[in-house]
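Listed below are the residues making up each chain.
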2 protein chains.
Amino acid sequence: MSSKSTKESIIDAADQLFYQQGYEKTSFADIAQAVGITRGNFYHHFKTKDDILASVINLRLENTADMLEQWQEDSQSPSERIECFIKILIMNRAKIRLYGCPVGTLTTELGKLEHPQLNNANQVFLLFSDWLEQQFLALGHTQNARELARHLLARSQGVATLASAFHDEAFLYQEVDTLTEWLAQYH
Amino acid sequence: MSSKSTKESIIDAADQLFYQQGYEKTSFADIAQAVGITRGNFYHHFKTKDDILASVINLRLENTADMLEQWQEDSQSPSERIECFIKILIMNRAKIRLYGCPVGTLTTELGKLEHPQLNNANQVFLLFSDWLEQQFLALGHTQNARELARHLLARSQGVATLASAFHDEAFLYQEVDTLTEWLAQYH
DNA sequence: AATATCTTAGGACAACTGTCCTAGAGGGTT
DNA sequence: AACCCTCTAGGACAGTTGTCCTAAGATATT
């Protein structure tokens, strides 16, 4: 196992734990146990807990950018692409039901902690926002493309929050239908 | 200062701190400092941190029930009452911009912590949900009153989440307008 | 085979966590 | 005056936190 692989393992484990338990609750000991290394060994890869968080956010930024690029290639029309976004609520329903949206819950927590990495975490939101805005622009909504993008982003956040609070997947399906109908009026 | 008053002070301070910093981040030391008592003195009023949380949630339940009752009395029509709900986004915009929605952020955090008080915290959501459902029923939407109530609840959650992430009050006003228009179609 | 670099385990460190105990101050009732 | 009960301050307790050091092991290069 090379150094890079161990470092990546740490980031992956931290990514999951931050999502499932929250950043504040997750300790070095938790991550170390998940990876299978000792706590002391940590310092060689990351100086501080904030360093790990920064790496986790960078990983999420990369993964999100890749996913959006994939959607861009795979779909023929802007409305199809927007539907891809809506459907991640279904794709990730099991985890959303348990932990909410990884983007929204992290930014919310970092906001309360007044954490310096909050702006970086918000970049993930901005990736989605800008990409959605592009799609609405392509649909011809030049006046309010950003407004529509943020609106859709907020709707998906709300759905994730309630689905998680009530552990209710049925609500998730229902709201995805409502969102698809909403989208139809902007074709 | 009587005992009851000190206990209430603790609950009030914890209420604010749990909202502003989160439950996990807030320590006994934080609360003690906010109230102006020593940490050791705590045990006389609350046995555990969970006890404080339970009291905070009960306080929020009472306050929410009172507020809903007030709206019920003060407004003449169901749609006016629903507008009261929508407008709390404006009323509390300063705090929402900083800390998000107190109900949504707490249930999200407790969900990740798998905290036994999660169900109690969800009761606050249920108060709103049931009350909104009543209003939609009164408007004649017998088939989908609950669906509409949950939908509106989710929308307001999403607005709060994004307004907090982007520290954007303008978005909040804009989405309140959108929600008011949405409501108009159900009069 | 010898050397240099990278990676690891183990533990030390002070600070903080939630919890709990004890001694005494304060006020009211007999 | 003597008593009781409520409340408080101060500190003890074991455990955990993030951080950091050191010594040894592993790996690669010469």
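To be clear, the structure that these remarks concern was listed above.
The structure presented is a predicted model; accordingly, all values stated were derived computationally and were not measured. The numbering scheme is per chain: residues are counted from 1 as the chain's sequence reads. The naming scheme follows written order: chains are lettered A onward, ligands numbered 1 onward. Selection of residues for local features in this predicted model requires a pLDDT of at least 70, selection of side-chain atom pairs for listing and counting requires 80 or more, and totals for whole chains, interfaces and linings are taken over all residues. The basis for the side-chain values is all heavy atoms of the structure; hydrogens and waters are excluded.

1. Comments concerning the environment of Leu 68 of chain A
Residue and element names in this part refer to chain A. Among the structural elements, Leu 68 can be located in helix 3 (residues 49–74). Only protein chains enter the calculation, and the probe is 1.4 Å; a residue is then buried if its accessible area is under 20% of its type maximum, exposed if over 50%, and partly exposed in between. In this structure Leu 68 comes out as buried when scored by relative accessible area, which is 5%. Sequence separation between Leu 68 and Ala 160 is 92 residues, and the spatial gap between their C-alpha atoms is 20 Å. Secondary structure is summarised from DSSP: a helix means a run of H or I of at least four residues, a strand means a run of E of at least two, and numbering begins at the N terminus for each.

2. Quick word on the side chain of Ser 75 of chain B
Residues and elements named next belong to chain B. In this structure, Ser 75 sits in the loop between helix 3 (49–74) and helix 4 (78–91). Residue Ser 75 is classed as buried on the basis of its relative accessible area, which comes to 7%. By definition in these notes, contact holds between two residues if any of their heavy atoms fall within 4.5 Å. When residues no more than four places from it in sequence are discounted, the contact partners of Ser 75 are Glu 80, Arg 81 and Cys 84.

3. Section: the packing of aromatic side chains
All names here are of chain A. Paired rings are identified among Phe, Tyr and Trp, the last through its six-membered ring, by centres lying within 6.5 Å, and are further divided according to the angle between planes into stacked (under 30 degrees), edge-to-face (over 60) and tilted (the rest). The tally for this structure, following the rule as stated, stands at 18 aromatic pairs over all chains. An angle of 70° between the planes, with centres 5.1 Å apart, marks the rings of Phe 18 and Tyr 23 as edge-to-face. A relative accessible area of 4% means that Tyr 23 is categorised as buried. By the ring-pair criterion, three or more aromatic residues cluster together here, those being Phe 136, Trp 182 and Tyr 186. In this arrangement the basic side chain of Lys 7 is found over the ring face of Phe 46, its NZ or CZ atom lying 5.4 Å from the centre. Geometrically, a lysine NZ or arginine CZ counts as sitting over a ring once it is within 6 Å of the ring centre and also within 35 degrees of the ring normal.

4. Observations regarding the packing of helix 4 (residues 78–91) of chain A against helix 7 (residues 118–138) of chain A
Residue and element names in this part refer to chain A. Following both chains from N to C, one finds helix 4 and helix 7 inclined at 150°, their axes separated by 8 Å at the closest point. Viewed along their axes, helix 4 and helix 7 adopt a mutual orientation that is roughly antiparallel. For the element pair helix 4 and helix 7, the recorded crossing hand is left-handed. When helix 4 is examined against helix 7, the residues Pro 78, Arg 81, Ile 82 and Phe 85 are found in contact with a partner set consisting of Phe 128, Trp 131, Leu 132, Gln 135, Phe 136 and Ala 138. As a working rule, the residues Ala, Val, Leu, Ile, Met, Phe, Trp, Tyr, Cys and Pro are called nonpolar, Asp, Glu, Lys and Arg charged, and the rest polar, with Gly in that last group. Of the residues contributing to the contact of helix 4 with helix 7, the split by class is eight nonpolar, one polar and one charged. Angles shown run from 0 to 180 degrees and are taken between the N-to-C directions of axes, each axis being a line fitted to C-alpha atoms and, for helices, limited to the stretch in contact. When an angle is under 35 degrees it counts as roughly parallel; over 145 it counts as roughly antiparallel; between 65 and 115 it counts as roughly perpendicular; any other value is oblique. Crossings are assigned a handedness: left-handed for a near helix turned anticlockwise from the far helix by less than a right angle, right-handed for a clockwise turn.

5. Side note on the relation of the copies chain A and chain B
To superpose the copies, least squares is applied to the C-alpha atoms of every residue with a pLDDT of at least 70 in both. Screw-axis analysis of chain A against chain B gives a translation of 0.0 Å along the axis, an RMSD of 0.0 Å, and a rotation angle of 180°. These values place the two chain copies in the arrangement generated by a two-fold rotation axis. Proximity to the rotation axis, assessed at the C-alpha, singles out Gly 158 of chain A in chain A; its C-alpha lies 1.9 Å from the axis. A shared interface surface links the copies, since 97% of the contact residues of chain A are contact residues in chain B too.

6. A word on helix 9 (residues 169–184) of chain B
Residue and element names in this part refer to chain B. The span you would expect from a helix comes to 1.5 Å times its residue count less one. For helix 9, which comprises 16 residues, the first-to-last C-alpha distance of 23 Å matches the rise-based estimate of 22 Å (1.5 Å per residue) to within 8%. Regarding helix 9, the residues found buried are Phe 171, Leu 172, Glu 175, Val 176, Leu 179, Trp 182 and Leu 183. In an axial view of helix 9, the angular spread of the buried residues amounts to 135°, which keeps them on one side of the axis. Residues of helix 9 that are exposed and angled more than 90 degrees away from the buried face: Ala 170 and Glu 181. Arc, as used here, means the arc of the directions from the helix axis to the C-beta atoms.

7. Examining helix 6 (residues 102–113) of chain B
Spacing of three or four residues puts side chains on the same side of an α-helix, whose turn is 3.6 residues. All names here are of chain B. The end-to-end C-alpha separation of helix 6 is 17 Å, in line with the 16 Å expected for 12 residues at 1.5 Å each. Most of helix 6 sits out of view: 11 of its 12 residues are buried. Taken as a whole, helix 6 has its buried residues at Val 103, Gly 104, Thr 105, Leu 106, Thr 107, Thr 108, Glu 109, Leu 110, Gly 111, Lys 112 and Leu 113. Positioned one or two residues after helix 6, Glu 114 has a phi angle of 50°, which is positive.

8. Regarding the pattern of salt bridges
Opposite charge on two side chains permits them to pair, given that their charged atoms come into close proximity. The salt bridge definition used is simple: a Lys or Arg side-chain nitrogen within 4 Å of an Asp or Glu carboxyl oxygen. Enumeration according to the criterion identifies eight salt bridges over all chains in this entry. A salt bridge links Arg 146 of chain A to Glu 133 of chain A; the nearest nitrogen and oxygen atoms lie 3.3 Å apart. Note that Arg 146 of chain A is positioned in helix 8 (residues 145–165) and Glu 133 of chain A in helix 7, a separation of 13 residues in sequence. Across the pair Arg 97 of chain B and Glu 169 of chain B runs a salt bridge whose closest N-O atoms are separated by 3.9 Å.

9. Things to note about the packing of helix 7 of chain A against helix 8 of chain A
The packing of two helices is summarised by the inter-axis angle and the distance between the axes. Residues and elements named next belong to chain A. Axis separation between helix 7 and helix 8 bottoms out at 8 Å; the angle between their running directions is 130°. One element, helix 7, and the other, helix 8, form an angle in the oblique class. Crossing geometry of helix 7 relative to helix 8 is assigned as right-handed. Judged by residue contacts, Phe 125, Leu 126, Phe 128, Ser 129, Asp 130, Leu 132, Glu 133, Phe 136 and Leu 137 of helix 7 engage Ala 145, Arg 146, Leu 148, Ala 149, Arg 150, Leu 152, Leu 153 and Gln 157 from helix 8. Classifying every residue of the contact of helix 7 with helix 8 by side-chain character gives 11 nonpolar, two polar and four charged.

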